[in-house]
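Remarks on the overall topology
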Amino acid sequence: MVYADTNVHIANATMDLFLGVIPVRLRPMCKLVVHALCPPRLRKSIGFPTPHWSLAFFIEYSLKVAGLFVRYFCPPRTVPKCRTPRQPIAVW
């Protein structure tokens, strides 16, 4: 992957799309989190700045801790969580 202005334009538009549901005051902090979640090669190709090592470390290990919590402390579901009806809806 190499740097290109089109990459920057698409990355910023995508980030604005996803961060549109976040309150305005939290968006700068969420952008830093997105920068930290991107791999270095991707970050370089879209022109994102390199995050501080402590932020990247904190985000990486907080996601690992959340995964361990779900794995060991959340019981498996006995009934699936369905948001759609089980029977197909007939549309004539």
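Let me sum up the structure you'll find in this document. (Residues numbered from 1 in each chain as written. Predicted model: local features only at pLDDT ≥ 70, side-chain atom pairs only at ≥ 80, totals over all residues. Heavy atoms only, no water.)

1. Brief notes about the overall build of the protein chain
The condition is simple: Each helix is a run of DSSP H or I of at least 4 residues and each strand a run of E of at least 2, with the numbering of both proceeding from the N terminus. Atoms counted for the radius of gyration: C-alpha only. Globule rule: 2.2 Å times the number of residues to the power 0.38. Whether two residues are in contact is decided by their heavy atoms, any of which lying within 4.5 Å being enough. Accessible surface area values rest on a Shrake-Rupley calculation with a 1.4 Å probe, where residue burial reflects the displayed protein chains alone.
Assigned secondary structure in the protein chain consists of four helices and zero strands. Ordered by position from the N terminus, the helices and strands of the protein chain form the series α-α-α-α. The C-alpha atoms of the protein chain give 19 Å as radius of gyration, which overshoots the globular expectation for 92 residues (12 Å, by more than 25%). By principal-axis analysis of the C-alpha atoms, the protein chain measures approximately 50 × 45 × 30 Å. Within the protein chain, contacts between residues at least 6 apart in sequence are counted, and of these 41% link residues at least 24 apart. As displayed, the protein chain offers around 8,300 Å² of accessible surface, 69% of which is attributable to carbon and sulfur atoms.

2. Notes on the pattern of salt bridges
The cut-off we apply is this: The rule for a salt bridge is simple: a side-chain nitrogen of Lys or Arg has to be within 4 Å of a carboxyl oxygen of Asp or Glu. Only protein chains enter the accessibility calculation, which uses a 1.4 Å probe; a residue is then buried when its area is under 20% of its type maximum, exposed when over 50%, and partly exposed in between.
According to the stated counting rule, one finds one salt bridge in the structure shown. For Lys64, the salt bridge is made with Glu60, and the minimal N-O distance between the two is 3.6 Å. Placement of both Lys64 and Glu60 in helix α4 (residues 53–73) is noted, with a separation of four residues, approximately one turn of the helix. Residue classification places Lys64 among the partly exposed residues on the basis of a relative accessible area of 45%. Judged by its relative accessible area of 41%, Glu60 is partly exposed.

3. A closer look at the state of the cysteines
The test is simple: Here, the term disulfide refers to a pair of cysteine sulfur atoms separated by no more than 2.5 Å.
Enumeration according to the criterion identifies zero disulfides in this entry. Cys30 takes part in no disulfide bond, and the closest cysteine sulfur, belonging to Cys38, lies 13 Å away.

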